[in-house]
Every structure is written in C-alpha cells, then in structure tokens.
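# Survey of secondary and tertiary structure
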Amino acid sequence: MQTVFEAAGDVERLKRLAAVWHERVLADEVIVHALSHGFHPQHVERLAAYWAEALGGPYTYSNSVSGESAVLNMHSGNRVHVEMDRRAIACFDQALEDIGLSKDDTLGNCSTTISSWMTTTTMARYHRSANDVPNDHRIQRWSWNGLQD
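Computed from a prediction, not measured in an experiment: that's the story for all the values here.

## Re the overall build of the chain
For the chain, the helix and strand inventory stands at seven helices and two strands. Along its sequence from the N terminus, the chain presents helices and strands in the succession α-α-α-α-α-α-α-β-β. Taking 149 residues into account, the globule formula puts the C-alpha radius of gyration at 15 Å, and the chain, at 14 Å, falls close to it. Going through the 149 residues of the chain one by one, you find that 40% of them count as buried. Counted over contacts in the chain with a minimum sequence separation of 6, partners at least 24 positions apart contribute 69%. Total accessible area on the chain is roughly 8,300 Å²; 49% of this is exposed by carbon and sulfur atoms. Side chains of the chain carry 13 positive and 19 negative charges; the gap between the two charge centres is 3 Å.

## Side note on the packing of helix H6 (residues 82-98) against helix H7 (residues 106-122)
Between two packed helices, both the angle of their axes relative to each other and the distance between the axes serve to describe the pair. Taken N-terminus to C-terminus, the directions of H6 and H7 make an angle of 155°; their axes are 10 Å apart at the nearest point. Between H6 and H7, the interaxial angle falls into the category roughly antiparallel. Note on packing geometry: the crossing formed by H6 with H7 is right-handed. Along the contact surface, H6 presents Asp85, Ile89, Phe92, Asp93 and Leu96, while H7 presents Gly108, Ser111, Thr112, Ser115, Ser116, Thr119 and Thr120. Of the residues in the contact of H6 with H7, the class split is three nonpolar, seven polar and two charged.

## Let's talk about empty space enclosed by the protein
By the definition in use, this model includes one cavity of 30 Å³ or more. One number sums up the size of the largest cavity: a volume of about 130 Å³. Residue lining of the largest cavity: 15 residues in total, with Leu14, Leu17, Leu55, Phe92 and Ser111 positioned closest to the centre. Of all the elements in the fold, those that place two or more residues in the lining of the largest cavity are helix H2 (11-27), H6 and H7. Broken down by element, the lining of the largest cavity gets its largest block of residues, five residues, from H7.

## Description of the confidence of the model for the chain
The predicted model of the chain has a mean per-residue pLDDT of 87, with 98% of residues at 70 or higher. For the chain, helix H5 (residues 68-74) is the element with the lowest average pLDDT, namely 79, and H2 is the one with the highest, namely 95.

## Observations concerning the layout of surface pockets
For the largest pocket, the calculated volume is near 1,000 Å³. If you trace the largest pocket, you find 31 residues lining it, with Trp21, Ala34, Leu35, His43 and His75 closest to the centre. When contributions to the lining of the largest pocket are tallied by element, the ones reaching two or more residues are H2, helix H3 (43-54), H5, H6 and H7. In terms of residues, the lining of the largest pocket owes the most to one element, H3, which gives five residues. Broken down by class, the residue content of the lining of the largest pocket amounts to 18 nonpolar, eleven polar and two charged.

Conventions adopted
- Residues numbered from 1 in each chain as written.
- Predicted model: local features only at pLDDT ≥ 70, side-chain atom pairs only at ≥ 80, totals over all residues.
- Heavy atoms only, no water.
- Helix = DSSP H or I, 4+ residues; strand = E, 2+ residues; numbered from the N terminus.
- Rg over C-alpha atoms; globule rule 2.2 N^0.38 Å.
- Buried < 20%, exposed > 50% of the residue type's maximum accessible area, 1.4 Å probe, protein only.
- Contact = heavy atoms within 4.5 Å.
- Areas by Shrake-Rupley, 256 points an atom, 1.4 Å probe, with all protein chains shown as cover.
- Lys, Arg positive; Asp, Glu negative; His and termini not counted.
- Charge placed at Lys NZ, Arg CZ, Asp CG, Glu CD.
- Axes fitted to C-alpha atoms, helices over the stretch in contact; angles between N-to-C directions.
- Parallel < 35°, antiparallel > 145°, perpendicular 65-115°, else oblique.
- Left-handed = near helix turned anticlockwise from the far one by under 90°.
- Nonpolar A, V, L, I, M, F, W, Y, C, P; charged D, E, K, R; others polar.
- 1 Å grid on protein atoms, 1.4 Å probe; cavity = no way out; pocket = protein on both sides within 12 Å on 5 of 7 lines; lining within 4 Å.
- Points joined across faces, edges and corners; volume = space filled by probe spheres on them.
- pLDDT = per-residue confidence, 0-100.

What follows is the structure, encoded as structure tokens:
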C-alpha cells in the first residue's frame, strides 16, 4: 500500500502546498503575528521536507535540517492560542484546495486531520516554555491508519 507521502505526489507538490499555506499565513492578520520575529529564508522548503517526513516520506528534514525537538522549541513558550491555531488549520485547508486537493477526498481529509493534530497537539504541547521540551523527540510519522508508534 502506498504511503500518504506517495499519494500526495512528491516533495515538489508539498513545496507548492507549503508555499501557498505560507502566503495565506502571511496574509492573515492573526497568524502573521507568529512570524513577526522573522523566519528562515528556506522556510517553505524546510516545511515541505518536514511534512514529507511526517507523511511517511524521506528523512530529509531530520537528516539535513534539524530534529523534532528543535521544531518544538521554535513553537514553544507562546501560551495557548486557540484562534491562531484555528485560522492556521483553515489556511491549510484552503491551501489544499488551491493546489487541487479537496479536504473531502481521502488524501485531503487525511492531510487535514494530520495538520490539525500537529497544530493543536504537537506544536501546542509546550506552550509555557521552551525549557519544557525534551531533547529526544522524533518527527512523528503518519499512515492512512493515523499516527504510527
């Protein structure tokens, strides 16, 4: 059976998704605050590599960029932000549509579920302080059946 990553196409398609999502986030008056401190010039490429790995693709992000603990550190210490999370997920859903995936088909639905979970659970886990993030987190991988152990 093909992985969610294989069904998504390839890293280039995920780069398109990341670019569209990033543009939508920058245009959103609430979410843009999260990027007000700046972002890496290769944010889109890195995000696509992260998503590819999480969807069962190559370990490019972990092998050449960073690990999950570093990602969690970047997203930690920002308190709970339910409205920002809701809007980020809505931007993701619209970005799926923009690149030709529907959140109502199997791949889009799975992608929306994963994005929602990452936003509201993984990235929000250490909302009090980056000091709470353990150094041994790995990027969690997903299949059609959900989160893998």
